[in-house]
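Okay, here's what each chain looks like letter by letter:
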Amino acid sequence: MFQRSFKKLAELDLTFSKLLPVNTLFAAFKKMVPLVIINVYLHLFLKLFLDRSALIPAVFHIKLRPMPFYQGMLFLTAAFDYLVIAFVMALWTKSYLNRKLQVYGYQKDELLPVLINFALALSYGFATYSYASQSAIHIIIVIALTYLANLSFVGLTRLTKGKLADFGFAYLLWGAIVLGLVSLLYSHLPKLLISNSYADFFSQTFFAHWYGLLLAAIVAPILFVLGFAVPMDLTAASMDLSQVNSNMNAVYQAVMAQLPYPANPYSVLTTAAMLGGTGAALGLVIVLVLQQNKKTRRLGLFAFLPAIFDSSKILAYGYPLFLRPLMLVPMILASVFGTVFTTWFILAGWVRPTVFAVPNSTPHILLSFFASQTPYRSLAVTLIVLLVSVLIYWPFVKADKLGGQYE
Amino acid sequence: MNKLKALMKKTVTSIHRLPKSGKVALILAIAFVAVLGILGRMWMLTEHQNDRAIQKARMEPVIFIPGSSATIRRFDDLIDTLNSQDKSNDNHSVLKVQVEKDGSLTYSGHLTKSNRQPFIVVGFVNNDDNYPTIQADSQALGRVMSDLQSKYHFRNFSSIGHSNGGLIWTDYLENYYSSQSFHIRTLMTLGTPFNFNESSTTKKTTMLNDFIEGSDNLPKDLNVYSVAGSDDYTDDGTVNVQSVLTGKYIFQKKVAKYTQTTVSGDNASHYWLPENPEVVNLIRELILQNKGKNPRNNTNKLKDESNKNDRPEN
């Protein structure tokens with residue numbers, strides 16, 4: 001039964017990935033991996049070494065002076081994120097239109113739609129970017145709009161039987177309409193889709209119960225795989241949640257006080273379900289590092305250090321993780337296991353939850369060790385979660401015929 | 001069990017198969033995390049040694065006390081102005097505490113714990129304009145502060161007292177404040193008559209004499225700003241400027257910094273002093289430490305709305 005459903009899932013994943021739009025999108029993702037690696041390591045360098053509140057300056061007692069260039073670098077690296085997406089959309093448009101128009105027997109220069117979709121993706125950045133880089137990047141919005149733009153280009157070409165000049169008035173008008181509509185849409189994006197922090201929402205007591213946390217543990221990987229940004233309240237050590245504040249207040253009243261919200265997004269989801277990124281992706285990275293396939297192993301090695309510091313972006317583009325039914329399942333399983341296992345130990349009283357504030361960029365794998373009042377037990381729980389997530393990912397990576405295919 | 005063994009064997013073989021550079025990278029990364037873990041844990045331990053004090057430095061409320069005959073709504077306009085000018089878009093949440101005749105406390109509003117500088121307004125139903133009432137209110141303030149601390153666990157705070165509210169703060173700081181429990185950063189008094197209605201500095205009231213006598217108990221690291229309003233060169237319509245200036249006999253050389261300033265212009269009369277544009281600027285710059293978008297516009301707005309409210313107070 002299990003074997004059969006597993007096989008069916010792998011087949012579904014392969015069939016889905018063979019669809020022309022998906023296949024060409026994944027190829028575009030993979031082509032961008034070198035740039036993504038540069039982007040990720042630049043982010044990592046900034047947050048580890050130049051952020052004055054980061055872990056490394058804190059533990060080595062380095063007092064960094066305010067650096068005027070730091071804000072500028074933050075701005076540029078955040079802009080880099082959008083540039084990567086814009087390049088992906090451009091590459092995708094090029095290969096998708098090329099193959100799609102060939103199917104219909106048309107020969108067209110794709111430069112105009114490539115430029116239009118590049119601008120479409122970049123203007124998403126202009127519309128949503130905030131200086132504090134708190135804004136959410138929902139890549140699915142850009143993918144959906146680019147796809148619609150491509151469909152409309154194909155539709156126009158078919159309608160006119162490919163007789164229009166590549167840079168003629170009709171195509172220019174098409175480009176103008178696409179960019180106009182997209183700008184209109186961006187200017188009306190609800191705040192909910194721009195912000196990446198929902199502290200009030202996650203401060204509800206619902207998220208201090210196992211069922212609330214379980215729901216979040218299931219939904220977060222789905223959001224990630226669909227290309228939505230996972231809220232920062234779950235992925236970063238968010239001290240703004242009211243449950244976290246109440247716990248901290250209780251601890252400062254009496255050291256071993258009974259905490260009002262022992263299980264909360266910080267003590268459970270951030271600490272256990274987000275090891276290495278959404279879906280305990282550190283487990284996946286370890287599996288990749290141990291693969292025989294050279295290219296897959298190399299991808300794992302590149303992703304290893306960022307994953308320790310909870311960025312799975314290299315895998316999201318390079319494996320890829322986005323829009324993959326096969327990878328969604330182990331992500332949910334690892335996330336759910338981490339959540340249930342950690343919640344159970346916390347509620348049973350064997351470990352004290354993660355409660356204290358930690359320096360920025362503290363890896364989630366060390367979070368409970370630093371910020372729990374039972375550091376060694378909590379570290380043991382975290383390591384077990386990591387080990388089990390490796391075991392969960394292992395068969396899925398083995399069954400995956402897509403990972404590393406385009407490298 | 002056998003499957004697990006096989007998996008372990010596979011894992012070891014996979015590690016062996018790794019190229020040399022891969023092995024080195026893996027070992028370095030793991031060693032890096034281990035070192036970070038050990039040093040980080042040590043850092044956390046030292047950080048949390050004196051944590052109760054340090055940790056709660058995160059929340060530093062600004063506590064307002066209105067003058068005689070004024071209610072806990074006295075600072076509503078001022079708070080609206082300050083919130084509307086706040087650049088951070090993170091408004092100061094507001095909690096109001098009313099001390100009833102029987103000494104019981106009535107809470108309204110709420111403090112958002114993510115706010116670093118929320119506002120707390122403490123009002124007294126017993127708010128007559130005389131020294132015994134001020135003494136009783138400052139004693140009650142001691143209870144309010146303990147209650148607030150047990151609820152919200154802050155240590156650092158700043159204070160603003162309008163008119164007799166400044167007298168209540170002064171009496172509290174001399175008689176009930178404990179630096180073991182709290183750390184007051186700033187006291188700002190607005191039109192506070194430290195010598196009641198006396199305009200002559202040679203005639204000191206009992207209250208002023210008591211304050212001067214008890215001034216050694218004032219926190220040594222306190223910053224005091226005494227703001228007087230000037231409506232017609234001698235007073236703000238209610239309180240004599242000279243009475244405000246006698247504050248120097250209490251605070252000068254007893255606290256870290258004592259600054260007197262006189263404001264005039266729009267809303268400089270006693271009642272409207274908290275809404276005076278210069279006062280709003282002073283609060284923002286000296287207590288909230290941020291500069292608003294356009295204070296002038298907002299204070300003009302205040303002026304327009306200023307005719308709707310209560311009665312004069314002292």
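Keep in mind that this is a model prediction, so the values were computed, not measured.

J.: Is there a simple way to think about the overall build of chain A in this case?
T.: Helix and strand counts for chain A come out as 19 helices and 0 strands. Here chain A holds 407 residues, and 49% of them are scored as buried. If you take every contact in chain A between residues at least 6 apart in sequence, the share linking residues at least 24 apart comes to 78%.

J.: Just to check I follow, could you spell out the overall build of chain B for this structure?
T.: A count of helices and strands for chain B gives 11 helices and 8 strands. With 314 residues in all, chain B has 39% of them scored as buried. Residue pairs in contact within chain B that sit at least 24 positions apart in sequence constitute 77% of those at least 6 positions apart.

J.: Looking at this structure, I do not really get the interface of chain B and chain A. What am I missing?
T.: Accessible area lost upon the coming together of the parts is a frequently used measure of interface size. Taken together, the contacts link 24 residues of chain B with 28 residues of chain A. The set of elements that each furnish at least two residues to the side of chain B that touches chain A consists of α1 (2-17), α2 (20-47) and α3 (51-55) of chain B. Per-element tally for the side of chain B that touches chain A: the top contributor is α2(B), with 12 residues.

J.: Looking at this structure, how should I read the nonpolar core?
T.: Burial of nonpolar side chains together is a common tendency in soluble globular proteins. With 123 residues, the main nonpolar core has Met89(A), Leu282(A) and Val285(A) as its most contacted residues. Each of domain 1 (12-193) and domain 2 (199-399) of chain A accounts for three or more of the residues forming this core. Within the second largest apolar cluster, 63 residues are counted, among which are Ile79(B), Phe196(B), Met207(B) and Trp272(B).

J.: Is there a simple way to think about unusual backbone geometry in this case?
T.: Trans peptide bonds make up the majority, and among non-glycine residues the majority have a negative phi. Of note, the bond from Tyr319(A) into Pro320(A) is cis; its omega dihedral lies within 30 degrees of zero at -10°. Examined against the element boundaries, Pro320(A) turns out to sit in the loop between α16 (313-318) and α17 (325-347). Here the phi dihedral of Phe196(B) falls at roughly 45°; this positive angle occurs in a residue that is not glycine. Position of Phe196(B) among the secondary structure elements: in the loop between β6 (183-190) and α7 (206-213). Overall, the presence of 21 C-beta atoms within 10 Å leaves Phe196(B) in the buried class.

J.: Just to check I follow, could you spell out the pairing of strand β4 (residues 119-124) of chain B for this structure?
T.: Across a regular strand the side chains alternate sides, sitting on one face of the sheet and then on the other. All names here are of chain B. Burial of β4 is extensive: 6 of the 6 residues sit out of reach of the surface. As paired elements, strand β2 (residues 94-99) and β4 share 6 bridges and run parallel to each other. The partner of Val-94 across the bridge, within β4, is Phe-119.

J.: When you look at the packing of helix α14 (residues 281-289) of chain A against helix α19 (residues 375-399) of chain A in this model, what are you seeing that I'm missing?
T.: Two packed helices can be described by the angle between their axes and the distance between those axes. Residues and elements named next belong to chain A. Where α14 meets α19, the closest approach of the two axes is 8 Å, and the angle between their N-to-C directions is 55°. When the axes of α14 and α19 are compared, the pair comes out oblique. Handedness of the crossing formed by α14 with α19: right-handed. Where α14 approaches α19, its residues Leu-282, Gly-283, Leu-284, Ile-286, Val-287 and Leu-288 are matched on the opposing element by Leu-386, Ser-389, Val-390, Ile-392, Tyr-393, Trp-394 and Val-397. Across the contact of α14 with α19, the residue classes break down as 11 nonpolar, 2 polar and no charged.

J.: In this structure, what is going on with the sheet that holds β6(B)? I would like to understand it.
T.: What holds strands together in a sheet is hydrogen bonding between their backbones, with the strands either parallel or antiparallel. Residues and elements named next belong to chain B. Strand order in this open sheet of 8 strands is β3-β2-β4-β1-β5-β6-β7-β8, and the pairing throughout is mixed. In this open sheet, the two edge strands, each paired with only one partner strand, are β3 (105-109) and β8 (257-263). Pairs of neighbouring strands in the sheet enclose a mean axial angle of 20°, with direction left out of account. Across the sheet, helix α6 (residues 164-175) is in contact with β1 (62-65), β5 (156-162) and β6; its angle to β5 comes to roughly 140°.

J.: Quick question: what am I supposed to make of helix α18 (residues 364-371) of chain A here?
T.: Each turn of an α-helix holds 3.6 residues, which means side chains three or four residues apart point in the same direction. With 8 of 8 residues buried, α18(A) is to be regarded as a mostly interior element. Three or more residues of α18(A) are buried, namely His364(A), Ile365(A), Leu366(A), Leu367(A), Ser368(A), Phe369(A), Phe370(A) and Ala371(A). Considering only its buried residues, α18(A) is in contact with α13 (265-273), α14, α15 (294-308) and α19 of chain A together with α2 of chain B.

J.: Whenever I open this one, helix α2 (residues 20-31) of chain A confuses me. Can you help?
T.: In a regular helix each residue adds 1.5 Å, so 12 residues correspond to 16 Å; α2(A) covers 16 Å between its end C-alpha atoms and thus fits that length. Along α2(A), the residues classified as buried are Thr24(A), Leu25(A), Phe26(A), Ala28(A), Phe29(A) and Lys30(A).

J.: Sorry if this is basic, but what is going on with the packing of helix α6 (residues 111-128) of chain A against helix α7 (residues 139-159) of chain A here?
T.: Residue and element names in this part refer to chain A. Across the interface, α6 lies against α7 with an axial gap of 10 Å and an inter-helix angle of 155°. Classified by the interaxial angle, the pair formed by α6 and α7 is roughly antiparallel. The interaxial crossing formed by α6 with α7 has right-handed handedness. Of α7, the residues touching α6 (which contributes Pro-113, Ile-116, Asn-117, Leu-120, Ala-121 and Tyr-124) are Ile-141, Val-142, Leu-145, Thr-146, Ala-149, Asn-150 and Phe-153. Broken down by class, the residue content of the contact of α6 with α7 amounts to 10 nonpolar, 3 polar and no charged.

J.: Help me understand the pairing of β3(B) in this model?
T.: Residues and elements named next belong to chain B. Pairing of β2 with β3 involves 5 bridges; the strand directions are antiparallel. Each residue of the ladder has a partner; that of Val-99, found in β3, is Leu-105. Counting the residues between successive antiparallel strands, the hairpin from β2 to β3 contains 5 residues, one of them, Gly-103, with a positive phi of roughly 90°.

J.: Honestly, the confidence of the model for chain B in this entry has me stumped. Any pointers?
T.: Close inspection of predicted coordinates is inappropriate for parts of the model with low pLDDT. Residues and elements named next belong to chain B. Confidence in the prediction for chain B averages 80 pLDDT; 82% of positions are at 70 or higher. No element of chain B has a lower mean pLDDT than helix α11 (residues 295-305), which averages 34, and none a higher one than β1, which averages 96. Scored below 50 in pLDDT, residues 290-314 makes 50 contacts in the model with residues more than four places away or belonging to other chains. In the predicted assembly, ipTM is 0.84 and pTM is 0.66.

J.: Can you help me understand the environment of Tyr147(A) in this one?
T.: Residue position: Tyr147(A) is located in helix α7. Tyr147(A) sits 51 residues away from Tyr96(A) along the chain, and the two C-alpha atoms are 9.3 Å apart.

J.: I would appreciate a short explanation of the environment of Phe206(A) in the present structure.
T.: Relative to the helices and strands, Phe206(A) is located in the loop between α9 (199-202) and α10 (210-226). Separated by 58 residues in the primary sequence, Phe206(A) and Asn264(A) have C-alpha atoms spaced 9.3 Å apart.

Rules behind the numbers
Residues numbered from 1 in each chain as written. Chains lettered and ligands numbered in written order. Predicted model: local features only at pLDDT ≥ 70, side-chain atom pairs only at ≥ 80, totals over all residues. Helix = DSSP H or I, 4+ residues; strand = E, 2+ residues; numbered from the N terminus. Buried ≥ 20, exposed ≤ 12 C-beta atoms within 10 Å, placed from the backbone. Contact = placed C-beta atoms within 7 Å. Core = buried A, V, L, I, M, F, W, Y, C linked by C-beta atoms within 7 Å. Domains from an automatic or database assignment. Pairing = 2+ DSSP bridges. Axes fitted to C-alpha atoms, helices over the stretch in contact; angles between N-to-C directions. Parallel < 35°, antiparallel > 145°, perpendicular 65-115°, else oblique. Left-handed = near helix turned anticlockwise from the far one by under 90°. Nonpolar A, V, L, I, M, F, W, Y, C, P; charged D, E, K, R; others polar. Expected span 1.5 Å × (residues − 1). pLDDT = per-residue confidence, 0-100.

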